[in-house]
Amino acid sequence: MKVLANDGVSQSGINALEAAGYEVITTTVAQEQLQNYINDNDISVLLVRSATTVRQDLIDNCPSLKIIGRGGVGMDNIDVAYARSKGLHVINTPAASSHSVAELVFGHFYGLARFLHNANRDMPLEGDSNFKKLKKAYAKGTELKGKTLGVIGFGRIGQATAKIGLGAGMKVIAFDPFIEKANLELEFFDGQKVNFDIATISKEDVLKQADFLTLHVPAQKDYVIDEKEFNQMKDGVIMANAARGGVINEIALVKALEKGKVARAALDVFEKEPQPEIQLLMNSALSLTPHTGAATNEAQDRIGVELADQIISILG
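Below you will find a few notes about this structure. This is a predicted model, so every value here is computed, not measured.

Here we come to the nonpolar core. What tends to happen in soluble globular proteins is that the nonpolar side chains get buried as a cluster. With 28 residues, the main nonpolar core has Leu213, Ile225, Phe230, Met233, Met239, Leu253 and Val262 as its most contacted residues. With five residues, the top contributor of residues to this core is helix α11 (residues 250-259). Each residue touching Met233, except ones within four places of it in the same chain, is listed here: Leu207, Leu213, Ile225, Met239, Lys261 and Val262. Formed by 26 residues, the second largest nonpolar core is a distinct cluster that contains Phe109, Val172, Ala182 and Leu186.

Encoded structure:
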(Lines give C-alpha, C1' and ligand atoms only; values in the text may rest on other atoms or scores of the structure.)
Protein backbone atom coordinates (compact mmCIF):
# COMPACT_ATOMS: atom_id res chain seq x y z
CA MET A 1 0.00 0.00 0.00
CA LYS A 2 1.09 3.54 -0.73
CA VAL A 3 1.32 6.44 1.72
CA LEU A 4 1.56 10.02 0.39
CA ALA A 5 3.11 12.32 2.98
CA ASN A 6 2.21 15.47 1.10
CA ASP A 7 3.54 17.93 3.68
CA GLY A 8 6.47 15.71 4.66
CA VAL A 9 7.02 13.25 7.50
CA SER A 10 10.04 12.44 9.66
CA GLN A 11 12.55 9.79 8.64
CA SER A 12 11.65 7.81 11.75
CA GLY A 13 8.05 7.65 10.53
CA ILE A 14 9.16 6.63 7.05
CA ASN A 15 11.38 3.89 8.48
CA ALA A 16 8.54 2.49 10.61
CA LEU A 17 6.14 2.41 7.66
CA GLU A 18 8.65 0.92 5.25
CA ALA A 19 9.56 -1.77 7.78
CA ALA A 20 5.86 -2.71 7.84
CA GLY A 21 5.79 -3.00 4.05
CA TYR A 22 4.33 0.36 3.02
CA GLU A 23 5.65 2.51 0.18
CA VAL A 24 6.10 6.09 1.40
CA ILE A 25 5.99 8.94 -1.13
CA THR A 26 7.19 12.35 0.07
CA THR A 27 6.55 14.27 -3.15
CA THR A 28 4.72 17.54 -2.44
CA VAL A 29 1.77 17.61 -4.82
CA ALA A 30 0.04 20.94 -5.49
CA GLN A 31 -3.47 21.15 -4.04
CA GLU A 32 -5.15 21.38 -7.46
CA GLN A 33 -3.27 18.29 -8.72
CA LEU A 34 -3.79 16.19 -5.60
CA GLN A 35 -6.94 14.37 -6.69
CA ASN A 36 -5.40 13.14 -9.94
CA TYR A 37 -2.16 12.14 -8.23
CA ILE A 38 -3.96 10.09 -5.56
CA ASN A 39 -6.05 8.29 -8.18
CA ASP A 40 -3.21 7.75 -10.67
CA ASN A 41 -0.96 6.29 -7.97
CA ASP A 42 -3.58 4.34 -6.00
CA ILE A 43 -2.77 6.13 -2.73
CA SER A 44 -4.30 4.48 0.38
CA VAL A 45 -3.08 6.92 3.05
CA LEU A 46 -2.79 10.71 2.76
CA LEU A 47 -0.72 12.43 5.44
CA VAL A 48 -0.88 16.21 5.77
CA ARG A 49 0.17 18.96 8.14
CA SER A 50 -1.33 22.44 7.80
CA ALA A 51 -0.46 23.25 4.17
CA THR A 52 -2.73 20.70 2.45
CA THR A 53 -6.52 20.77 2.81
CA VAL A 54 -8.73 17.68 2.56
CA ARG A 55 -12.28 18.74 1.72
CA GLN A 56 -15.43 16.91 0.60
CA ASP A 57 -14.64 16.97 -3.12
CA LEU A 58 -11.27 15.29 -2.59
CA ILE A 59 -12.83 12.70 -0.28
CA ASP A 60 -15.62 11.97 -2.79
CA ASN A 61 -13.33 11.68 -5.79
CA CYS A 62 -10.51 9.54 -4.32
CA PRO A 63 -12.00 6.08 -3.69
CA SER A 64 -8.61 4.49 -2.95
CA LEU A 65 -8.16 6.56 0.22
CA LYS A 66 -8.58 4.64 3.48
CA ILE A 67 -6.83 6.93 5.98
CA ILE A 68 -6.31 10.68 6.27
CA GLY A 69 -3.65 11.57 8.82
CA ARG A 70 -2.79 14.97 10.29
CA GLY A 71 0.68 15.40 11.71
CA GLY A 72 -0.24 17.62 14.63
CA VAL A 73 -3.24 18.48 16.78
CA GLY A 74 -5.80 20.71 15.03
CA MET A 75 -7.69 19.24 12.08
CA ASP A 76 -9.48 22.34 10.78
CA ASN A 77 -7.94 21.73 7.32
CA ILE A 78 -9.76 18.36 7.06
CA ASP A 79 -13.51 17.72 6.76
CA VAL A 80 -13.25 15.18 9.55
CA ALA A 81 -16.92 14.33 10.15
CA TYR A 82 -17.61 13.97 6.42
CA ALA A 83 -14.57 11.75 5.88
CA ARG A 84 -15.61 9.48 8.75
CA SER A 85 -19.18 9.35 7.42
CA LYS A 86 -17.70 7.96 4.21
CA GLY A 87 -15.87 5.22 6.08
CA LEU A 88 -12.42 6.78 6.12
CA HIS A 89 -10.22 6.73 9.21
CA VAL A 90 -9.05 10.21 10.27
CA ILE A 91 -6.10 10.27 12.66
CA ASN A 92 -3.88 12.91 14.26
CA THR A 93 -1.09 13.15 16.82
CA PRO A 94 -2.40 15.17 19.76
CA ALA A 95 0.36 14.25 22.21
CA ALA A 96 3.44 14.48 20.02
CA SER A 97 4.05 18.23 20.02
CA SER A 98 2.74 19.28 23.45
CA HIS A 99 6.13 19.82 25.06
CA SER A 100 7.51 21.61 21.99
CA VAL A 101 4.70 24.18 22.07
CA ALA A 102 5.08 24.58 25.83
CA GLU A 103 8.82 25.29 25.52
CA LEU A 104 8.21 27.88 22.80
CA VAL A 105 5.70 29.68 25.03
CA PHE A 106 8.28 29.88 27.80
CA GLY A 107 10.98 30.93 25.34
CA HIS A 108 8.74 33.88 24.55
CA PHE A 109 7.88 34.49 28.21
CA TYR A 110 11.51 34.64 29.32
CA GLY A 111 12.37 36.85 26.37
CA LEU A 112 9.46 39.22 27.00
CA ALA A 113 10.12 39.38 30.74
CA ARG A 114 13.66 40.64 30.05
CA PHE A 115 13.01 42.55 26.77
CA LEU A 116 15.19 40.15 24.77
CA HIS A 117 12.98 40.53 21.70
CA ASN A 118 13.81 44.28 21.63
CA ALA A 119 17.41 44.10 22.84
CA ASN A 120 18.25 41.60 20.10
CA ARG A 121 17.01 44.11 17.53
CA ASP A 122 18.61 47.18 19.08
CA MET A 123 22.05 45.92 20.10
CA PRO A 124 23.30 45.30 16.53
CA LEU A 125 22.13 48.81 15.57
CA GLU A 126 23.02 50.85 18.66
CA GLY A 127 25.07 48.63 20.96
CA ASP A 128 28.29 50.54 20.31
CA SER A 129 26.82 54.06 20.25
CA ASN A 130 24.03 53.89 22.85
CA PHE A 131 25.05 51.09 25.22
CA LYS A 132 24.17 52.95 28.43
CA LYS A 133 20.85 54.14 27.02
CA LEU A 134 19.89 50.60 26.05
CA LYS A 135 21.00 49.28 29.42
CA LYS A 136 18.69 51.77 31.13
CA ALA A 137 15.82 51.06 28.72
CA TYR A 138 15.90 47.33 29.39
CA ALA A 139 16.80 47.38 33.08
CA LYS A 140 13.25 46.87 34.35
CA GLY A 141 12.84 43.18 33.65
CA THR A 142 10.74 40.83 35.75
CA GLU A 143 11.26 37.31 37.06
CA LEU A 144 8.84 34.47 36.41
CA LYS A 145 9.50 32.76 39.73
CA GLY A 146 6.74 33.57 42.22
CA LYS A 147 4.40 34.93 39.55
CA THR A 148 0.99 33.50 38.62
CA LEU A 149 0.68 31.64 35.32
CA GLY A 150 -2.85 31.57 33.91
CA VAL A 151 -3.64 28.82 31.41
CA ILE A 152 -6.75 29.10 29.23
CA GLY A 153 -7.42 25.61 27.86
CA PHE A 154 -6.09 22.81 30.04
CA GLY A 155 -5.72 19.92 27.62
CA ARG A 156 -2.43 18.22 26.77
CA ILE A 157 -0.60 21.36 25.64
CA GLY A 158 -2.01 23.53 28.42
CA GLN A 159 -0.91 20.96 30.98
CA ALA A 160 2.56 20.64 29.41
CA THR A 161 2.92 24.42 29.65
CA ALA A 162 1.72 24.38 33.24
CA LYS A 163 4.41 21.81 34.10
CA ILE A 164 7.14 24.13 32.87
CA GLY A 165 5.58 26.95 34.89
CA LEU A 166 5.60 24.79 38.02
CA GLY A 167 9.23 23.90 37.37
CA ALA A 168 10.01 27.61 37.11
CA GLY A 169 8.49 28.25 40.53
CA MET A 170 5.24 29.79 39.33
CA LYS A 171 1.77 29.44 40.79
CA VAL A 172 -0.46 27.82 38.15
CA ILE A 173 -4.17 28.54 37.69
CA ALA A 174 -6.26 27.24 34.80
CA PHE A 175 -9.63 27.43 33.07
CA ASP A 176 -11.16 24.75 30.88
CA PRO A 177 -14.91 24.25 30.32
CA PHE A 178 -14.46 20.48 29.98
CA ILE A 179 -11.87 19.68 32.68
CA GLU A 180 -12.53 20.06 36.41
CA LYS A 181 -9.07 19.09 37.62
CA ALA A 182 -5.84 17.53 36.42
CA ASN A 183 -2.96 15.74 38.06
CA LEU A 184 0.37 16.98 36.69
CA GLU A 185 3.40 14.75 37.14
CA LEU A 186 6.77 16.47 36.86
CA GLU A 187 9.59 14.07 36.00
CA PHE A 188 13.20 14.99 36.72
CA PHE A 189 16.47 13.79 35.25
CA ASP A 190 17.27 11.45 38.15
CA GLY A 191 13.93 9.64 38.14
CA GLN A 192 12.30 11.71 40.87
CA LYS A 193 8.67 12.66 40.32
CA VAL A 194 6.49 15.31 41.93
CA ASN A 195 2.71 15.46 41.52
CA PHE A 196 0.52 18.57 41.54
CA ASP A 197 -3.28 18.57 41.56
CA ILE A 198 -4.67 21.60 39.74
CA ALA A 199 -8.40 22.30 39.99
CA THR A 200 -9.67 24.59 37.23
CA ILE A 201 -11.38 27.88 38.10
CA SER A 202 -13.52 30.33 36.13
CA LYS A 203 -12.15 32.09 33.08
CA GLU A 204 -12.80 35.46 34.70
CA ASP A 205 -10.79 34.50 37.81
CA VAL A 206 -7.86 33.34 35.68
CA LEU A 207 -7.89 36.62 33.75
CA LYS A 208 -8.02 38.68 36.96
CA GLN A 209 -5.17 36.85 38.70
CA ALA A 210 -2.66 35.96 35.97
CA ASP A 211 0.67 37.79 35.67
CA PHE A 212 1.49 35.63 32.64
CA LEU A 213 -1.32 34.26 30.47
CA THR A 214 -1.16 31.53 27.81
CA LEU A 215 -3.87 30.20 25.49
CA HIS A 216 -4.20 26.55 24.45
CA VAL A 217 -7.63 26.28 22.88
CA PRO A 218 -8.94 24.97 19.54
CA ALA A 219 -10.14 27.20 16.72
CA GLN A 220 -13.68 28.41 17.33
CA LYS A 221 -16.32 30.75 15.99
CA ASP A 222 -15.93 33.56 18.53
CA TYR A 223 -12.86 35.18 20.04
CA VAL A 224 -11.74 33.62 23.33
CA ILE A 225 -9.98 36.87 24.22
CA ASP A 226 -11.76 40.04 23.12
CA GLU A 227 -12.09 43.57 24.51
CA LYS A 228 -14.19 42.36 27.45
CA GLU A 229 -11.55 39.82 28.46
CA PHE A 230 -8.70 42.32 28.13
CA ASN A 231 -10.54 44.64 30.50
CA GLN A 232 -10.73 41.85 33.09
CA MET A 233 -6.95 41.28 33.09
CA LYS A 234 -4.40 42.65 35.52
CA ASP A 235 -2.63 45.79 34.34
CA GLY A 236 0.73 44.88 32.83
CA VAL A 237 0.02 41.22 32.07
CA ILE A 238 2.35 39.36 29.69
CA MET A 239 0.53 36.92 27.42
CA ALA A 240 1.14 34.38 24.65
CA ASN A 241 -0.92 32.75 21.91
CA ALA A 242 0.61 29.62 20.41
CA ALA A 243 -2.77 27.98 19.86
CA ARG A 244 -4.67 29.17 16.80
CA GLY A 245 -4.97 32.41 14.89
CA GLY A 246 -8.38 33.93 15.50
CA VAL A 247 -8.77 33.06 19.18
CA ILE A 248 -7.52 36.54 20.12
CA ASN A 249 -8.99 39.71 18.64
CA GLU A 250 -5.77 41.21 17.29
CA ILE A 251 -7.23 44.74 17.02
CA ALA A 252 -8.27 44.59 20.68
CA LEU A 253 -4.80 43.25 21.56
CA VAL A 254 -3.07 46.22 19.93
CA LYS A 255 -5.36 48.59 21.86
CA ALA A 256 -4.62 46.74 25.13
CA LEU A 257 -0.89 47.07 24.44
CA GLU A 258 -1.25 50.80 23.72
CA LYS A 259 -3.11 51.31 27.01
CA GLY A 260 -0.60 49.24 29.00
CA LYS A 261 -3.28 46.75 30.06
CA VAL A 262 -1.08 44.15 28.33
CA ALA A 263 2.59 44.99 28.85
CA ARG A 264 3.95 42.70 26.15
CA ALA A 265 2.69 39.70 24.21
CA ALA A 266 3.89 36.78 22.10
CA LEU A 267 2.20 35.51 18.96
CA ASP A 268 3.11 32.29 17.16
CA VAL A 269 -0.19 32.22 15.24
CA PHE A 270 -2.14 34.92 13.41
CA GLU A 271 -5.61 35.63 12.07
CA LYS A 272 -4.24 36.26 8.58
CA GLU A 273 -1.58 33.61 8.04
CA PRO A 274 0.59 33.56 6.05
CA GLN A 275 0.41 37.37 5.81
CA PRO A 276 0.02 38.77 9.35
CA GLU A 277 -1.12 42.34 9.74
CA ILE A 278 1.73 44.83 9.38
CA GLN A 279 0.80 46.60 12.64
CA LEU A 280 1.55 43.35 14.47
CA LEU A 281 4.85 42.77 12.66
CA MET A 282 6.05 46.30 13.47
CA ASN A 283 4.86 46.45 17.10
CA SER A 284 7.83 46.55 19.47
CA ALA A 285 5.72 45.16 22.34
CA LEU A 286 5.25 41.87 20.48
CA SER A 287 7.54 38.85 20.30
CA LEU A 288 6.75 36.97 17.10
CA THR A 289 7.40 33.54 15.60
CA PRO A 290 6.04 32.14 12.29
CA HIS A 291 3.81 29.31 13.63
CA THR A 292 6.72 27.17 14.81
CA GLY A 293 5.27 25.87 18.09
CA ALA A 294 5.43 22.20 17.10
CA ALA A 295 8.51 22.59 14.91
CA THR A 296 11.24 20.77 16.83
CA ASN A 297 13.20 17.77 15.60
CA GLU A 298 11.99 15.76 18.57
CA ALA A 299 8.32 16.57 17.95
CA GLN A 300 8.60 15.72 14.26
CA ASP A 301 10.12 12.34 15.16
CA ARG A 302 7.29 11.64 17.60
CA ILE A 303 4.67 12.74 15.06
CA GLY A 304 6.08 10.43 12.37
CA VAL A 305 6.27 7.42 14.65
CA GLU A 306 2.81 8.08 16.13
CA LEU A 307 1.24 8.31 12.67
CA ALA A 308 3.04 5.16 11.53
CA ASP A 309 1.89 3.21 14.59
CA GLN A 310 -1.73 4.22 13.99
CA ILE A 311 -1.63 3.39 10.28
CA ILE A 312 -0.10 -0.04 10.92
CA SER A 313 -2.66 -0.70 13.66
CA ILE A 314 -5.60 0.21 11.39
CA LEU A 315 -4.50 -1.44 8.16
CA GLY A 316 -2.38 -4.25 9.60
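Additional details are given in the paragraphs that follow.
This part takes up a nonpolar patch on the surface. A contiguous nonpolar patch, built from Phe188, Phe189 and Val194 and spanning about 360 Å² of accessible area, is present on the exposed surface. The topology assignment puts Val194 in strand β9 (residues 193-199). The class for Val194 is partly exposed, based on a relative accessible area of 36%.

Below, the discussion takes up the sheet that holds strand β11 (residues 237-241). Strand order across the open sheet formed by six strands is β7-β6-β10-β11-β12-β13, with parallel pairing between neighbours. Taken across any chain shown, the strands that pair with only one partner, and hence form the sheet edges, are β7 (171-175) and β13 (286-288). Neighbour-to-neighbour, the strand axes of this sheet turn through a mean angle of 15°, independent of strand direction. Relative to β7, strand β6 (residues 148-152) runs parallel, the two sharing five bridges. Bridge pairing links Leu149 to Val172 in β7. Contacts from helix α5 (residues 98-113) reach β6, β10 (212-215), β11, β12 (262-267) and β13, with the element oriented near 150° to β11. Sheet contacts for helix α8 (residues 156-167): β6, β7 and β10; angle to β6, the most-contacted strand, approximately 175°.

Side chains bearing opposite charge may pair, as long as their charged atoms lie close to each other. Counted under the stated rule, the structure contains nine salt bridges. The partner of Glu185 in a salt bridge is Lys193, with the nearest N and O atoms 3.9 Å apart. Exposure remark for Glu185: the relative accessible area of 30% places this residue in the partly exposed category. A salt bridge links Glu277 to Lys272, with the shortest nitrogen-to-oxygen separation between them at 2.7 Å. Overall, the relative accessible area of 25% leaves Glu277 in the partly exposed class.

Let us now look at the sheet that holds strand β5 (residues 89-92). Across the sheet, five strands lie side by side as β2-β1-β3-β4-β5; this open sheet has parallel pairing. In this open sheet, the two strands that pair with only one neighbour each are β2 (23-25) and β5. Ignoring which end each strand starts from, the neighbouring axes of this sheet average 20° apart. Taken together, the four bridges between strand β4 (residues 67-70) and β5 define a ladder with parallel strand orientation. Across the sheet, the residue bridging to Ile67 is His89, located in β5. Packed on one face of the sheet, helix α13 (residues 297-315) meets β3 (43-48), β4 and β5 and runs near 155° to β5.

Rules of the game
- Residues numbered from 1 in each chain as written.
- Predicted model: local features only at pLDDT ≥ 70, side-chain atom pairs only at ≥ 80, totals over all residues.
- Heavy atoms only, no water.
- Core = buried A, V, L, I, M, F, W, Y, C linked by side-chain atoms within 4.5 Å.
- Buried < 20%, exposed > 50% of the residue type's maximum accessible area, 1.4 Å probe, protein only.
- Helix = DSSP H or I, 4+ residues; strand = E, 2+ residues; numbered from the N terminus.
- Contact = heavy atoms within 4.5 Å.
- Patch = residues over 30% accessible without salt bridge, like charges linked within 9 Å, V, L, I, M, F, W, Y side chains within 5 Å.
- Areas by Shrake-Rupley, 256 points an atom, 1.4 Å probe, with all protein chains shown as cover.
- Salt bridge = Lys/Arg side-chain N within 4 Å of Asp/Glu carboxyl O.
- Pairing = 2+ DSSP bridges.
- Axes fitted to C-alpha atoms, helices over the stretch in contact; angles between N-to-C directions.

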